[in-house]
Amino acid sequence: MGFTVATVNVNGIRAAAKVRHENNQGILPWLAAHPADVVLMQEVRADEAQTAKAIAPALEDGWHLAQAPAAAKGRAGVAILSRLPLQDVQIGFGHEANPEYPGAEEAAREFDGSGRYIEATVDAEVGGSTQPITVASLYLPSGASGTEKQDEKFRFLDAFAPFMHQRAAAAEAGGQQMLIGGDWNICHRRADLKNWKPNRNKSGFLPAERAFLDHVLGTYPDGATQVGDAEDSGRAGNPAGAAEDFFGAVDYQPGELAQARIAAGAATQPGWHDAVRHLHPDEDGPYSWWSYRGKAFDTNAGWRIDLHAVTGGLLEHTTVARVDKAPTYDQRWSDHSPVILEFR
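As the structure is a prediction and not an experimental result, all values here were calculated from the model.

The sheet built from six strands is open, its strands ordered β5-β6-β7-β8-β10-β9 with mixed pairing. Edge strands, defined here as strands with exactly one partner in the open sheet, are β5 (87-91) and β9 (272-274). Neighbour-to-neighbour, the strand axes of the sheet open up by a mean angle of 25°, direction not taken into account. Sheet contacts for helix α6 (residues 148-172): β5, β6 (117-126), β7 (129-139), β8 (177-183), β9 and β10 (306-311); angle to β8, the most-contacted strand, approximately 155°.

Let us look at the UniProt feature "binding site: Mg(2+)" (unreviewed entry) in the protein chain. Following the UniProt record, the feature "binding site: Mg(2+)" (unreviewed entry) maps to Asn9, Glu43, Asp183, Asn185, Asp335 and His336 here. Across 328 residues of sequence, these annotated residues stay compact in space, with a maximum C-alpha separation of 13.3 Å. From the list above, the largest pocket is lined by Asn9, Glu43, Asp183, Asn185, Asp335 and His336. Mapped onto the secondary structure, Glu43 falls in the loop between β2 (38-42) and α3 (48-54). Leaving out residues up to four positions away in the same chain, Glu43 has contacts with Asn9, Val10, Asn11, Gly12, Ile13, Ala76, Gly77 and Tyr139.

Further remarks concern the nonpolar core. Phe93, Phe160, Met164, Ile180, Trp184 and Phe212 are the most contacted members of the largest nonpolar core, which totals 32 residues. Among the secondary structure elements, those contributing two or more residues to this core are β7, α6, β8, α7 (207-217) and β10. If you tally residues by element for this core, the top one is α6, at nine residues.

If you walk across this open sheet you meet the six strands as β3-β4-β2-β1-β12-β11, and the pairing is mixed. Of all strands in the sheet, those with a lone pairing partner are β3 (64-68) and β11 (318-323), marking the two edges. Taken over all neighbouring pairs, the strand axes of this sheet differ in orientation by 15° on average, direction set aside. Pairing analysis gives five bridges linking β3 to strand β4 (residues 78-82), with the strands arranged antiparallel. The partner of Ala68 across the bridge, within β4, is Val78.

Turning our eyes to something else, we now look at helix α9 (residues 256-264). For α9, every residue scored as buried is listed here: Leu257, Ala258 and Arg261. All buried residues of α9 lie within an arc of 95° about the axis, which places them on one face of the element. Away from its buried face, by an angle of more than 90 degrees, α9 presents the exposed residues Glu256 and Ala263. Each element contacted by the buried residues of α9 is listed here: α5 (104-109), α6 and α7.

As a further point, take the environment of Arg109. Within the fold, Arg109 resides in helix α5. Measuring from C-alpha to C-alpha, the distance between Arg109 and Gly94 comes to 7.6 Å, with 15 residues separating the pair along the chain. Of note is the side chain of Arg109, whose polar atom sits 3.4 Å from the side chain of His95.

This paragraph deals with the pattern of salt bridges. Here the structure, examined in full by the defined rule, presents 18 salt bridges. One salt bridge in this structure joins Asp112 and Arg109, with 3.1 Å as the shortest N-O distance. Judged by its relative accessible area of 41%, Arg109 falls in the partly exposed class. Put simply, Arg155 and Glu110 hold a salt bridge, and the shortest N to O gap is 2.8 Å. Taken together, the positions of Arg155 in helix α6 and Glu110 in the loop between α5 and β6 put the pair 45 residues apart, joining distant regions of the chain. Overall, the relative accessible area of 33% leaves Arg155 in the partly exposed class. Among the ionic contacts, a cluster of salt bridges with common partners joins Arg190, Arg210, Asp229, Glu231 and Asp232.

Rules of the game
- Residue indices begin from 1 for each chain and proceed along its sequence in written order.
- This being a predicted model, a pLDDT of at least 70 is required before a residue's local features are given, and a value of 80 or more before pairs of side-chain atoms are given or counted; all residues contribute to the totals for chains, interfaces and linings.
- Excluding hydrogens and water, the side-chain values take into account all heavy atoms of the structure.
- Between any two strands, at least two bridges found by DSSP are needed for them to pair.
- Under the DSSP-based scheme used, a helix requires at least four consecutive residues in state H or I and a strand at least two consecutive residues in state E, with every element numbered from the N terminus.
- Convention adopted: a line fitted to C-alpha atoms gives each axis, helices being fitted over their contacting stretch, and angles between N-to-C directions are expressed from 0 to 180 degrees.
- Should any heavy atoms of two residues lie within 4.5 Å, those residues are counted as being in contact.
- UniProt positions are given in the numbering used here, feature names are shortened, and annotations may be inferred rather than shown by experiment.
- Points on a 1 Å grid, built from protein atoms alone, make a cavity when a 1.4 Å probe fits but cannot get out and make a pocket when they are open with protein on both sides within 12 Å along at least 5 of 7 lines; residues with an atom within 4 Å of a point are the lining residues.
- Nonpolar cores are built from buried Ala, Val, Leu, Ile, Met, Phe, Trp, Tyr and Cys residues. Side-chain atoms within 4.5 Å join them into one set.
- Think of it in three bands: with a 1.4 Å probe and only protein chains considered, a residue is buried below 20% of the maximum accessible area for its type, exposed above 50%, and partly exposed in between.
- Directions are taken from the helix axis to each C-beta atom, and the arc is the one they span.
- Polar contacts, as counted here, are pairs of nitrogen or oxygen atoms within 3.5 Å of one another; within protein the pair requires one atom able to donate a hydrogen and one able to accept it, and residues that are adjacent in sequence qualify only if both atoms are side-chain atoms.
- The term salt bridge refers to a pairing of a side-chain nitrogen on Lys or Arg with a carboxyl oxygen on Asp or Glu at a separation within 4 Å.

This is the structure we're talking about:
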């Protein structure tokens, strides 16, 4: 026995559930064939009724569904599919008072209706006993350099870091262990994307984004941050700046929450851990997203932006971390592949 969790950006659940051809039957056969107890989904882009219709065979087979659609129709949306009953479902984050980070609760409220975060509790077998585990599905804004979307992304990071600190402290104090799986839309290290050099000024690999992951996840397996180091900088100086440079923003200005994060820097004893990187410290990737354009999938020119962040009590029981990449381009039912963790 044990506990298996997958995270996947489905790129629209109705599209993912479609039968494309004989060798691509969509997400439903994948759900039936794979041993995941929980599947965290992002970019669902449907309301509850539409999702229930698209995956009706899975629900009839006993899967439980909790969903947080976005207020804007056809946008974002996160959901949790589980073979285990879902308890204490919560949509949105940062609702608890957080005196250590004034303004964090108000900052988080901006995203309540954005379809970017949902969590629930499941009773799972981990470490030889059944215990309540909090599982969360996250769809962090993708951003786009030089647009208001990047401002939104930076505001989300400002609100989400205090929430992560608060939850990690609760787990360390003896509370429930927790996993946040999802599309984080950030590559942390150079090993996380195939072509990192030309992407230093692109959303998803900007210095302030990478420094956010340093701050909440630490710099493992490196002894220090890669942001702005000698290799990052290149011959002509670092075109992407340093941790405090919020390149790509339009009107965003770092406020108290961002300044506190910058001042604290990279976590040396993080409460959260990138489970896949801990099990694959020296590997390029494993990538989880490939553009549909060109030959990105065939040449494995991918990005590792789909992460599982786990608290310490789960990390010590993580035995398998893998990406379930489709055998061929035309067998994909999303431009992302599921990222799977197994706990024993």
